[in-house]
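Inside the fold
The chain contents come next:
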Amino acid sequence: ARDIAIMSRELLKHEKVTDYTTIWMDTIRNGEFGLTNTNRLVRFYRGITGLKTGYTSEAGYCISASAKRDNTHLIAVIMGAESSDLRNVSATKLLDFGFANYSVYTEKGSKTEPVRVYGGEKDTVATTYDEFKTLVNKSNIGKIETKIEMDEYVEDPVKNGDVVGKIIYSVNGEIIGEAPIFCAEDVG
């Protein structure tokens with residue numbers, strides 16, 4: 001199930017795929033042959049983006065169901081269900097639970113304090129960090145704390161993109177993620 005979730009996440013990075021995985025019905029051969037999506041959630045679940053159903057006698061009924069609401073995109077993987085209806089009900093319950101309890105925390109990238117440059121053409125180098133995103137329990141959104149750990153100085157030459165520190169994101173002392181702080185310019 002984890003492997004299927006990882007593959008699904010990577011596939012969803014190619015947004016064009018949802019142009020196809022969200023189609024309920026279509027025809028081919030100039031309308032002579034009709035196709036219906038085996039993922040019934042495409043028709044009935046709000047925000048569904050796909051993704052793939054399957055069945056074998058050994059694996060049972062399986063699905064990798066993905067859905068997006070606001071800025072949160074979730075994937076539910078069900079394997080070994082006894083029927084397609086049970087597979088769909090289980091995927092719906094997992095997605096509903098995820099949307100009810102989790103959200104994406106986003107902090108926009110920004111400049112940080114400059115770092116001293118030892119022996120450089122300039123005394124300091126500008127620093128910055130990129131946008132940070134992580135999935136968190138909605139009850140923890142207001143509890144997220146940040147801590148900056150940065151080098152006291154760097155030696156020349158400094159290259160744009162050199163990592164000089166990190167921002168640590170935590171909730172109640174438990175680290176939920178990190179973002180690198182890097183130089184925003186070259187210093188000879």
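How each quantity is defined
- Residues numbered from 1 in each chain as written.
- Predicted model: local features only at pLDDT ≥ 70, side-chain atom pairs only at ≥ 80, totals over all residues.
- Heavy atoms only, no water.
- Phe/Tyr/Trp six-rings, centres within 6.5 Å; stacked < 30°, edge-to-face > 60°.
- Buried < 20%, exposed > 50% of the residue type's maximum accessible area, 1.4 Å probe, protein only.
- Helix = DSSP H or I, 4+ residues; strand = E, 2+ residues; numbered from the N terminus.
- Lys NZ or Arg CZ within 6 Å of the ring centre and 35° of its normal.
- Core = buried A, V, L, I, M, F, W, Y, C linked by side-chain atoms within 4.5 Å.
- Contact = heavy atoms within 4.5 Å.
- Lys, Arg positive; Asp, Glu negative; His and termini not counted.
- Salt bridge = Lys/Arg side-chain N within 4 Å of Asp/Glu carboxyl O.
- Polar contact = N/O pair within 3.5 Å; in protein donor to acceptor, adjacent residues only side chain to side chain.
- Pairing = 2+ DSSP bridges.
- Axes fitted to C-alpha atoms, helices over the stretch in contact; angles between N-to-C directions.

**Some remarks on the packing of aromatic side chains**
Applying the stated criterion across every chain yields a total of five aromatic pairs. Taken together, a centroid distance of 4.3 Å and an interplanar angle of 40 degrees make the contact between Tyr-55 and Tyr-61 tilted. Judged by its relative accessible area of 48%, Tyr-55 is partly exposed. Measuring from centroid to centroid gives 3.9 Å for Phe-132 and Tyr-169, while their planes differ by 5 degrees, and the two rings are stacked. Of this pair, Phe-132 sits in strand S9 (residues 132-137) while Tyr-169 sits in strand S12 (residues 163-171), and the two are 37 residues apart along the sequence. As far as burial versus exposure is concerned, Phe-132 and Tyr-169 are alike and both buried. By way of ring pairs, the aromatic residues Tyr-105, Phe-132 and Tyr-169 are connected into one cluster. The ring of Phe-33 carries the charged tip of Arg-29 above its face, separated from the ring centre by 5.4 Å.

**Side note on the nonpolar core**
Val-125, Val-154, Val-158 and Tyr-169 are the most contacted members of the largest nonpolar core, which totals 18 residues. When contributions to this core are tallied by element, the ones reaching two or more residues are strand S7 (110-118), strand S8 (124-129), S9, S12 and strand S13 (174-183). Ranked by residues supplied to this core, first place goes to S12 with four residues. Leaving out residues up to four positions away in the same chain, Val-125 has contacts with Pro-114, Val-115, Val-117, Val-154, Val-158, Cys-183, Glu-185 and Val-187. The next biggest cluster of nonpolar side chains, apart from the first, holds 14 residues, and it includes Tyr-45, Ala-65, Ala-76 and Ala-91.

**Considering the side chain of Arg-69**
Note on placement: Arg-69 falls in strand S4 (residues 60-69). Of the buried charged residues, Arg-69 lacks a salt bridge, with Asp-96 as the closest side chain of opposite charge at 4.4 Å. A polar contact is formed between the side chain of Arg-69 and the side chain of Tyr-45, at a distance of 3.3 Å. Apart from residues no more than four positions distant in its own chain, Arg-69 is found in contact with Tyr-45, Arg-46, Asp-96 and Phe-99.

**Section: the sheet that holds S7**
Strand order in the open sheet made by the six strands is S10-S12-S13-S8-S7-S11, with mixed pairing throughout. Single-partner strands in this sheet number two, and they are strand S10 (144-150) and strand S11 (153-155). This sheet shows a mean twist of 35 degrees between the axes of neighbouring strands, independent of strand direction. When S7 meets S8, the two strands line up antiparallel, connected through five bridges. Looking at S8, one finds that Ser-110 is bridged to Tyr-129.

**Focus: the side chain of Asn-39**
By the element assignment, Asn-39 lies in the loop between strand S2 (33-36) and helix H3 (41-44). Side-chain polar atoms of Asn-39 contact the backbone oxygen of Gly-50, separated by 3.3 Å. Residues within four places of Asn-39 in sequence aside, it is in contact with Trp-24, Gly-50, Leu-51, Thr-53 and Ile-63.

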